Amino acid sequence: MKITVKKSPLVDTGKVFRGVILALLLTVFLLFLFSIVIFFSSIPEEFISKLAVIVMALSIAVSSFITSRGIESKGWLNGGLIGLLYSAVIIIVKILFYKEGVTSSTLLDVLFGFLIGAISGAIGVNI
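For clarity, every value in this text was computed on a predicted model and none was experimentally measured.

### Looking at the packing of aromatic side chains
1) Next: Under the defined criterion, the tally for this structure stands at 1 aromatic pair.
2) Next: An angle of 85° between the planes, with centres 4.9 Å apart, marks the rings of F39 and F40 as edge-to-face.
3) Next: Residue F39 is classed as exposed on the basis of its relative accessible area of 64%.

### Regarding the side chain of T27
1) Next: You can see T27 is positioned in helix 1 (residues 13–39).
2) Next: In this structure T27 comes out as buried when scored by relative accessible area, which is 9%.
3) Next: Not counting residues within four places of it along the chain, the set of residues in contact with T27 comprises V55, S59 and Y86.

### Some thoughts on helix 1
1) Next: Between its first and last C-alpha, helix 1 extends 39 Å over 27 residues, near the 39 Å set by a 1.5 Å rise per residue.
2) Next: Of all the residues in helix 1, the buried ones are V16, G19, V20, A23, T27, L30 and I38.
3) Next: The secondary structure elements touched by the buried residues of helix 1 are helix 2 (47–68) and helix 3 (75–98).

### Focus on helix 3
An α-helix turns once per 3.6 residues; consequently, residues spaced three or four apart project the same way.
1) Next: Here helix 3 is 24 residues long and its end C-alpha atoms lie 33 Å apart, about the 34 Å a rise of 1.5 Å per residue gives.
2) Next: Within the sequence span of helix 3, burial applies to G75, L77, N78, G79, G80, I82, G83, Y86, S87 and I91.
3) Next: Looking at the buried side of helix 3, the elements it contacts are helix 1, helix 2 and helix 4 (104–126).

### Section: the environment of G80
1) Next: With respect to the helices and strands, the residue G80 is situated in helix 3.
2) Next: For the pair formed by G80 and L115, sequence separation is 35 residues and the distance between their alpha carbons is 6.3 Å.
3) Next: If we skip the residues at most four places from it in the chain, G80 touches F114, G117 and A118.

Calculation notes
Every chain's residues receive numbers from 1 upward, in the order its sequence appears when written. For a predicted model such as this one, the threshold for reporting local features is a pLDDT of at least 70, and the threshold for listing and counting side-chain atom pairs is 80 or more; totals across whole chains, interfaces and linings nevertheless cover every residue. Hydrogen atoms and water are omitted, and side-chain values are computed over all heavy atoms in the structure. Whether two aromatic rings pair depends on their centres lying within 6.5 Å, for rings of Phe, Tyr and Trp, where Trp uses its six-membered ring; planes under 30 degrees apart make the pair stacked, over 60 edge-to-face, and the rest tilted. For the exposure calls, accessible area comes from a 1.4 Å probe over protein chains only, and a residue counts as buried if that area is under 20% of its type's maximum, exposed if over 50%, partly exposed in between. Secondary structure elements are taken from DSSP: a helix is a run of H or I of four residues or more, a strand is a run of E of two residues or more, and numbering for both begins at the N terminus. Whether two residues are in contact is decided by their heavy atoms, any of which lying within 4.5 Å being enough. Multiplying 1.5 Å by the helix residue count minus one yields the expected span of that helix.

Next up, the structure:
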């Protein structure tokens, strides 16, 4: 009797790219929703930068969790790559449109994106 072991790919690139697109779409939706809330409320402007970080983390977490649910293993890696690529896209947008350079804060955003994605991906693959 021959036993075969099905070897799953290390990274599911299709799901990773769909996860990045989902995260970007979720970011646009959440920023639009929060901009309406801010417009009609008296939320101070100092809160907006904190809100952007919350939206970024939530978008990465939700997309990594959802995308990793269909993967058999390595959810942390797939989720981490979603967070990493999402952060890279956001950095490129900042550089192109806001003429910001790469700083230590930018590198922390990339690390933060990877960690949030990895944790959410690990949770998603195990649920």
